[in-house]
Amino acid sequence: MSAPAWMKWALREGRARGGKAGTGLGVASVEMSLARLKEALDRAVARRLVEVNVAREVKVPRNYRKAERRAKSVIPPWNLQEVRAFVDAVMDDRLCAVFLLSLMGLRSAEICGMRWSDVDLGRATLAVNRT
């Protein structure tokens, strides 16, 4: 199977679930796989196992990238009732504070990097100093 044929197969049906071919891989996954193939063939050229890296000029067709961008669904943010349901569901969880901080827009790395010294309960503020 040539590099372009492999790439088209991966984009159309390369994902396997339960041993059966399924949907295609995403463009980013195919590009990363193609990059590893190019690196391996570059090494083979350097070791004189092959004369030329045939994958060097292979690129993911633009129409696949555009189709993937169009197909991505926009996930709407939670409405007030959904937020309240979430808060009610996590109130008794030992990680309740982490879940509530994530609702405030903090990233997981920022939450994990927090120390008590970053929290000012008197002024109801917190500082993001580490990630």
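Below: a short report on this structure. (Residues numbered from 1 in each chain as written. Predicted model: local features only at pLDDT ≥ 70, side-chain atom pairs only at ≥ 80, totals over all residues. Heavy atoms only, no water.)

## Notes on the overall build of the protein
The number of helices and strands found in the protein is six helices and four strands. Overall, the protein shows an N-to-C arrangement of helices and strands of α-β-β-α-α-α-α-α-β-β. Each of the 131 residues in the protein was classed as buried or not, and the buried ones make up 21%. Restricting the contact set of the protein to residue pairs at least 6 apart, pairs at least 24 apart contribute 28%. When the accessible surface of the protein is totalled, it reaches about 10500 Å², and 56% of it is carbon and sulfur. (Helix = DSSP H or I, 4+ residues; strand = E, 2+ residues; numbered from the N terminus. Buried < 20%, exposed > 50% of the residue type's maximum accessible area, 1.4 Å probe, protein only. Contact = heavy atoms within 4.5 Å. Areas by Shrake-Rupley, 256 points an atom, 1.4 Å probe, with all protein chains shown as cover.)

## Overview of the packing of aromatic side chains
What the rule picks out here adds up to two aromatic pairs. Between tryptophan 78 and phenylalanine 86, the aromatic rings sit 5.1 Å apart at their centres with planes inclined by 50°, giving tilted as the arrangement. The class of tryptophan 78 is partly exposed, set by a relative accessible area of 47%. Ring centres 6.0 Å apart and planes at 75° place the aromatic pair phenylalanine 86 and phenylalanine 99 in the edge-to-face group. Taken together, the positions of phenylalanine 86 in helix α4 (residues 80-90) and phenylalanine 99 in helix α5 (residues 96-103) put the pair 13 residues apart, joining distant regions of the chain. Here phenylalanine 86 falls in the partly exposed class, since its relative accessible area comes to 22%. (Phe/Tyr/Trp six-rings, centres within 6.5 Å; stacked < 30°, edge-to-face > 60°.)

## Quick look at unusual backbone geometry
The phi dihedral of arginine 48 falls on the positive side, at around 60°, and the residue is not glycine. Mapping arginine 48 onto the fold places it in the loop between α2 (27-46) and α3 (62-71). A positive phi is found at alanine 124, a non-glycine position, where the angle reads about 55°.

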